[in-house]
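Examining the three-dimensional arrangement
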Amino acid sequence: MSEIDAALLAELTKLDTPTVCNALETVVPQRRGFGYTTQPLVCTRPELGSMVGFARTATIRAAHPADTKNVSQDYYAYIDEGPKPAIILIQDLDGEARGYGSFWGEVNSNIHKGLGCLGLVTDGSVRDLPDIAPGFQMLADRVGPSHAFVHVVAYGIDINVSGMRVSDTELVHADQHGAVIIPKDVAADVPEAAAAIARKERVIIDAAQEEGFNMARLRKAWGDSAEIH
């Protein structure tokens, strides 16, 4: 397994999430059709760019009061004890009422940032947008006004968030486009693969921006691009 150190995380953070998806198609082509979000998400702070961290997973409900033991304190301990930097992945179990109440606002964003989290990806709702902790990113299914009866149901489990199946401690890359899981054993190969793709694409883009660009020039650019490694 590749070591996921601070230097590698910094290199991955320089990339946007679509570029990471492209790179993964090269280094693990069998992952081309899964491992990323496939449903729309609202990004509350696109200007923050990419975040890369280790998944901490949970499920929530909000449409009705909890009918079991409150596990909130145990959940926060789980976040505190996990690898850092972390990204929170939360699945809302309220079905068609998903987003009925938000787990995320001014207080929870500050708590999670203080516990070493960069941001979150959820198919539930978020709120308090102007008051979210500075630098804390949120990707959510929607924005809503209330927390209703929101409570943590379970944590540290396999979940599905916006079409992406994710397990505890998996490496996640996310930005305004969505999120993708980077297999740890190929994480170190992603920056180089992304750079190679960028070199190939640059040839085609430069040609497309030339005056008089036409189909013949495009065919030549495709050929030139294929020669780049």
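Whatever comes next refers back to the structure up there.
Residues numbered from 1 in each chain as written. Predicted model: local features only at pLDDT ≥ 70, side-chain atom pairs only at ≥ 80, totals over all residues. Heavy atoms only, no water.

1. A closer look at the packing of helix α3 (residues 72–81) against helix α4 (residues 106–114)
Heads up, the rule is: Every axis in this analysis is a line fitted to C-alpha atoms, fitted for helices over the stretch in contact. Angles between the N-to-C directions lie between 0 and 180 degrees. By definition, any uninterrupted DSSP run of H or I lasting at least four residues is a helix, any uninterrupted run of E lasting at least two residues is a strand, and each is numbered from the N terminus. The labels follow the angle: roughly parallel below 35 degrees, roughly antiparallel above 145, roughly perpendicular from 65 to 115, and oblique for the rest. Contacts: residue pairs with any heavy atoms within 4.5 Å of one another. Charged means Asp, Glu, Lys or Arg here, nonpolar means Ala, Val, Leu, Ile, Met, Phe, Trp, Tyr, Cys or Pro, and polar covers whatever is left, Gly included.
For the pair α3 and α4, interaxial distance at closest approach is 9 Å and the crossing angle is 40°. With respect to α4, the element α3 is oriented oblique. Facing Tyr75, Tyr76 and Ile79 of α3, the residues of α4 in contact are Asn108, Ile111 and His112. Of the residues assigned to the contact of α3 with α4, the class counts are 4 nonpolar, 2 polar and no charged.

2. Points about helix α2 (residues 17–27)
Basically, it comes down to this: Here the term buried applies to any residue with accessible area under 20% of the maximum for its type, exposed to any over 50%, and partly exposed to those in between, with areas from a 1.4 Å probe on protein chains only. This arc is built from the directions going out from the helix axis to the C-beta atoms.
For α2, the complete set of buried residues consists of Thr17, Val20, Ala23 and Leu24. Looking straight down α2, one finds its buried side chains confined to an arc of 115°; they lie on one side. In this structure, the buried residues of α2 make contact with β11 (171–175), β12 (178–182) and α5 (190–208).

3. Remarks on a nonpolar patch on the surface
Cut-off, in case you're wondering: Exposure above 30% relative accessible area and the absence of a salt bridge qualify a residue for a patch, where like charges join within 9 Å and nonpolar side chains (Val, Leu, Ile, Met, Phe, Trp, Tyr) within 5 Å. Reported accessibility uses the Shrake-Rupley method at a 1.4 Å probe radius. Residues are deemed covered only where the shown protein chains occlude them. We define a salt bridge as a contact between a side-chain nitrogen of Lys or Arg and a carboxyl oxygen of Asp or Glu at a distance within 4 Å.
Among the surface-exposed residues, Val42, Leu129 and Val143 lie close enough to one another that they form a single nonpolar patch of about 210 Å² accessible area. Among the structural elements, Val143 can be located in strand β7 (residues 142–143).

4. What to know about the packing of aromatic side chains
Test applied: Put simply, two rings from Phe, Tyr or Trp (the six-membered ring, in Trp's case) pair if the centres are within 6.5 Å, and we call them stacked under 30 degrees between planes, edge-to-face over 60, tilted for the rest.
Counted according to the given criterion, the structure contains 7 aromatic pairs. Arranged with centres 6.5 Å apart and planes meeting at 45°, the rings of Tyr75 and Tyr78 form a pair that is tilted. Of this pair, Tyr75 and Tyr78 both sit in helix α3, 3 residues apart, which is roughly one turn of that helix. What makes Tyr75 buried here is its relative accessible area of 0%. Taking relative accessible area as the criterion, Tyr78 reaches 9% and is therefore assigned buried. The interplanar angle of 80° and the centroid separation of 5.8 Å between the aromatic rings of Tyr75 and Phe103 together place this pair among those described as edge-to-face.

5. Side note on the pattern of salt bridges
Taken as a whole and assessed by the stated rule, the structure comprises 8 salt bridges. Glu11 serves as the salt-bridge partner of Lys14, at 2.9 Å between the closest nitrogen and oxygen. According to the relative accessible area criterion, Lys14 is exposed, its value standing at 62%. The network of salt bridges with shared partners includes Arg98, Asp141 and Arg142.

6. Thoughts on the nonpolar core
For clarity, the threshold we go by: Among the buried residues, those of types Ala, Val, Leu, Ile, Met, Phe, Trp, Tyr and Cys that are joined through side-chain atoms within 4.5 Å form a nonpolar core.
Ranked by internal contacts, the top residues of the largest apolar core, which has 20 residues, are Tyr75, Ile88, Ile90, Trp104 and Phe136. Elements with a minimum of two residues in this core: β2 (51–61), α3, β3 (86–92), β4 (117–122) and β6 (137–140). If you look at the next biggest cluster of nonpolar residues, it comprises 19 residues, including Ile4, Leu8, Leu12 and Leu24.

7. A short note on the side chain of Arg31
This is how it is decided: In this charge count, Lys and Arg are treated as positive and Asp and Glu as negative; neither His nor the chain ends contribute.
Within the secondary structure layout, Arg31 lies in the loop between α2 and β1 (42–43). Although Arg31 is buried, it forms no salt bridge, and the closest oppositely charged side chain is Glu170 at an N-O distance of 5.6 Å.

8. Quick look at unusual backbone geometry
Note that the residue after Lys84, namely Pro85, is joined by a cis bond; omega there is -5°. One non-glycine residue with positive phi stands out, namely Asp128, at about 55°. Among the structural elements, Asp128 can be located in the loop between β5 (125–126) and β6. Here Asp128 falls in the partly exposed class, since its relative accessible area comes to 29%. If you check the backbone angles, Thr169 has positive phi at about 70° while not being a glycine. Mapped onto the elements of the fold, Thr169 is located in the loop between β10 (164–166) and β11. On the accessibility criterion, Thr169 (26% relative accessible area) is partly exposed.

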